[in-house]
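What the coordinates show
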Amino acid sequence: INAEYGGATIKTEASVSKINVGPGNKVEGVTLEDGTVLESSIVLSNATPKVTFLDILDSQHLPEEYLSHIRTFDYTSPVFKLNVAMDRIPAFRGHSNGAGNTPG
């Protein structure tokens, strides 16, 4: 089972030129460099925060204090770490977490 089976569309070799945002600062999808518009209520970016929030998202959609942090962030480290707070262990298709939703 994979993301496409779950209804996702995966595009490769397709650079995003703009994250589209609608009323209420709600994401509506992306526009690719070739002009193709892909509609989605969720957008994931594998670009750096600087590229994502300063280059492909219109800065009017973010608070100035946040933009200031992005502009001054030190990108010299080759390592990226993402910490995510969750209320439970994620359940992935094809992988059992074990009894009581504990790591299996």
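Let me begin by describing the structure that accompanies this report. This is a predicted model, so every value here is computed, not measured.

1. A look at the nonpolar core
In terms of nonpolar packing, the biggest core is built from seven residues, these being Ile 19, Val 30, Leu 32, Ile 56, Leu 57, Leu 62 and Leu 67. Sequence-distant contacts of Ile 56, that is, excluding residues within four places in its chain, are made with Val 16, Ser 17, Lys 18, Ile 19 and Val 51.

2. Observations concerning the packing of aromatic side chains
Given two aromatic rings, one states the distance between the centres and the angle between the planes to describe the pair. Per the stated rule, a full pass over the model turns up one aromatic pair. Seen in terms of ring centroids, Phe 53 and Tyr 66 are 5.4 Å apart; in terms of plane orientation they differ by 80°. Their pairing is edge-to-face. With a gap of 13 residues between them, Phe 53 in helix α1 (residues 49–55) and Tyr 66 in helix α2 (residues 64–72) connect regions that are remote in the sequence. We classify Phe 53 as partly exposed; its relative accessible area is 22%. Judged by relative accessible area, Tyr 66 falls into the partly exposed class, the value being 35%.

3. A short note on the side chain of Thr 52
Counting through the fold element by element, Thr 52 comes out in helix α1. Classification of Thr 52 by relative accessible area gives buried; the value is 7%. Ignoring any residue separated from it by four or fewer positions in sequence, one finds Thr 52 in contact with Ile 19, Ser 45, Ala 47 and Leu 57.

Rules used throughout
Residues numbered from 1 in each chain as written. Predicted model: local features only at pLDDT ≥ 70, side-chain atom pairs only at ≥ 80, totals over all residues. Heavy atoms only, no water. Core = buried A, V, L, I, M, F, W, Y, C linked by side-chain atoms within 4.5 Å. Buried < 20%, exposed > 50% of the residue type's maximum accessible area, 1.4 Å probe, protein only. Contact = heavy atoms within 4.5 Å. Phe/Tyr/Trp six-rings, centres within 6.5 Å; stacked < 30°, edge-to-face > 60°. Helix = DSSP H or I, 4+ residues; strand = E, 2+ residues; numbered from the N terminus.

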